[in-house]
Amino acid sequence: PAASSHPLAAHAASGTTCKLSHKDWTSFGYSYFEWLWVDRTTCATGRAVAKAHGKVRGWRCSRKVTAKSSFQYDATETCRSGSRTVQWKYTQNT
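Residues numbered from 1 in each chain as written. Predicted model: local features only at pLDDT ≥ 70, side-chain atom pairs only at ≥ 80, totals over all residues. Heavy atoms only, no water.

Any chance you could explain the packing of aromatic side chains here in plain terms?
Aromatic ring pairs are reported here in terms of the distance separating the ring centres and the angle at which the planes meet. The full count for this structure, using the stated rule, is 4 aromatic pairs. Ring centres of tyrosine 73 and tyrosine 90 lie 6.3 Å apart, and the angle between their planes is 70°; on these two criteria the pair is classed as edge-to-face. Of this pair, tyrosine 73 sits in strand 4 (residues 72-81) while tyrosine 90 sits in strand 5 (residues 84-93), and the two are 17 residues apart along the sequence. Taking relative accessible area as the criterion, tyrosine 73 reaches 18% and is therefore assigned buried. Three or more aromatic residues link up through ring pairs in this structure, and these residues are Phe28, Tyr30, Phe33, Tyr73 and Tyr90. (Phe/Tyr/Trp six-rings, centres within 6.5 Å; stacked < 30°, edge-to-face > 60°. Helix = DSSP H or I, 4+ residues; strand = E, 2+ residues; numbered from the N terminus. Buried < 20%, exposed > 50% of the residue type's maximum accessible area, 1.4 Å probe, protein only.)

Listed below in C-alpha cells is the structure:
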C-alpha cells in the first residue's frame, strides 16, 4: 500500500510495512487482508499476532471499524505489547 493510505504514515519512518506472500494473505482467516505494519518488532511476530486475530498472550488489541454494510465491514486492528506495535487492515464478510 502507499504510505499515504496508511493511518500511521506519520510514524512510518520508525515502523515497517511487511511484505507478505499470497499464502500469508489467505491463511490469516480474513475475507480480504490489506496490509500489515509493525513497529519495534519483527514481521514474523506481526504475522503471528494477525493470524491469531490478536489473541496472543501479552498483547492488548483494539479494533476500529472504518466502514460497515449489511454483509461486511472494514477494520483496522492495533495490538500492543510494551513498546511493540502490530497493526493491520482487513475486510471481513459477515
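In this structure, what is going on with unusual backbone geometry? I would like to understand it.
Keep in mind that most residues, glycine aside, have a negative phi and that most peptide bonds are trans. A positive phi angle, near 60°, is found at arginine 40, a position not held by glycine. Positionally, arginine 40 belongs in the loop between strand 2 (32-39) and helix 2 (43-51). Overall, arginine 40 belongs to the exposed group, its relative accessible area being 57%. Even without being a glycine, histidine 53 presents a positive backbone phi close to 55°. In this structure, histidine 53 sits in the loop between helix 2 and strand 3 (60-68). Residue class for histidine 53 comes out partly exposed when judged on its relative accessible area of 31%.

How should I be thinking about the environment of glycine 58 in this particular structure?
Summarising the element assignment, glycine 58 is placed in the loop between helix 2 and strand 3. Expressed as a C-alpha distance, the spacing of glycine 58 and cysteine 79, which sit 21 residues apart in the sequence, is 9.9 Å. With residues up to four places along the chain from it excluded, the contact list for glycine 58 reads Arg80 and Ser81. (Contact = heavy atoms within 4.5 Å.)

I would appreciate a short explanation of the nonpolar core in the present structure.
Inside soluble globular proteins, nonpolar side chains tend to come together where they are buried. Counting 17 residues, the largest nonpolar core has Phe33, Leu36, Val86, Trp88 and Tyr90 as the members making the most contacts within it. The set of elements that each furnish at least two residues to this core consists of strand 2, helix 2, strand 4 and strand 5. Once residues lying within four places of it in the same chain are set aside, the contact partners of leucine 36 are Thr16, Thr17, Cys18, Leu20, Cys43, Gly46, Arg47, Ala50, Val86, Gln87 and Trp88. (Core = buried A, V, L, I, M, F, W, Y, C linked by side-chain atoms within 4.5 Å.)

When you look at the pairing of strand 2 in this model, what are you seeing that I'm missing?
Working note: regular strand, side chains alternate between the two faces of the sheet. Taken across its 8 residues, strand 2 has 6 buried, putting it largely inside the fold. Note that strand 1 (residues 15-17) and strand 2 share 3 bridges and pair antiparallel. When the sheet's bridge partners are listed, threonine 17 is paired in strand 2 with tryptophan 37. With 7 bridges joining them, strand 2 and strand 5 adopt antiparallel strand pairing. Residue tryptophan 37 lies in a different strand from strand 5, and its bridge partner there is glutamine 87. (Pairing = 2+ DSSP bridges.)

In short, the description is geometric, and any link to function would need to be established separately.
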